[in-house]
Amino acid sequence: MVGNVGGFLRRLDSRPARLAHVWSWEPARYALAVALAGGTATAVGIGHPYWAMVAAVAPLSARGRGAQLVRAGHRVLGTLLGLLTSVALLAPKLPAVATVLVVAVLQIVTELLVGRNYGLALLFVTPMALLIGQLAAARPVSSLLFDRGVETVIGAGIGVAIILCGPWLRPGIRSTS
């Protein structure tokens, strides 16, 4: 992240002045997504509001509104299908060493897929995250799966709302891209 700051600042300097205000909107939109998703998940009383926050900002990282909406759909569908994978991996209550090995395999598969198909990668990200969490502090599997699903839907829904309302939230900008 630190290594990319210089390149980011150079790109900002090279953009026409009329586009500079667009960049000031980006951090505000991410902050809005995090605040709304975290606040909503906390108000609902689910135990992992950060899952909603990640699901809200993940779609915003794609370029263009269409790609952002697709990314939100991938987030929800990939996570929900990943919960099925998680059931199969969490049910046997593997010993810690076996869990670490499964997590390593899931990480490798995720890295191979994430650049090609974000939704498919989430089939492996979801159980990986849940297995790591169970290593740190075991929780009832059913509530863990429920929390992950609901918080993903909450977060992605908020992300979609920000994507769709974006042109109306930015002063002086009315874009359909």
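Structure first, text after, so check above.
Residues numbered from 1 in each chain as written. Predicted model: local features only at pLDDT ≥ 70, side-chain atom pairs only at ≥ 80, totals over all residues. Heavy atoms only, no water.

Draft legend 1. Quick look at the overall build of the protein chain. Helix and strand counts for the protein chain stand at seven helices and zero strands. Starting at the N terminus, the α and β elements of the protein chain follow one another as α-α-α-α-α-α-α. Going through the 177 residues of the protein chain one by one, you find that 37% of them count as buried. Within the structure as shown, the protein chain displays about 9800 Å² of accessible surface, and the carbon and sulfur contribution to it stands at 71%. (Helix = DSSP H or I, 4+ residues; strand = E, 2+ residues; numbered from the N terminus. Buried < 20%, exposed > 50% of the residue type's maximum accessible area, 1.4 Å probe, protein only. Areas by Shrake-Rupley, 256 points an atom, 1.4 Å probe, with all protein chains shown as cover.)

Draft legend 2. Inspection of the nonpolar core at higher detail. Counting twelve residues, the largest nonpolar core consists of Ala33, Ala37, Ala41, Ile46, Ala52, Ala56, Val57, Leu60, Ile154, Ile158, Ile162 and Ile163. Contributions of two or more residues to this core are made by α2 (17-44), α3 (49-57) and α7 (141-169). The leading source of residues in this core is α7, at four residues. Every residue in contact with Ile162, bar those within four places of it in the chain, is listed here: Arg29, Leu32, Ala33, Leu36 and Leu60. Of all hydrophobic cores here, the second largest spans eleven residues; its members include Trp51, Val103, Leu106 and Val141. (Core = buried A, V, L, I, M, F, W, Y, C linked by side-chain atoms within 4.5 Å. Contact = heavy atoms within 4.5 Å.)

Draft legend 3. Structural detail: the pattern of salt bridges. Taken as a whole and judged by the stated rule, the model has two salt bridges. Residues Arg29 and Glu26 are paired through a salt bridge, measuring 3.2 Å at the closest nitrogen-oxygen approach. With Arg29 and Glu26 both in helix α2 and three residues apart, the pair spans about one turn of that helix. Here the two residues Arg29 and Glu26 agree in accessibility, since each one is buried. Close ionic contact of Arg139 with Asp147 constitutes a salt bridge, the shortest N to O distance being 3.3 Å. Judged by relative accessible area, Arg139 falls into the partly exposed class, the value being 29%. (Salt bridge = Lys/Arg side-chain N within 4 Å of Asp/Glu carboxyl O.)

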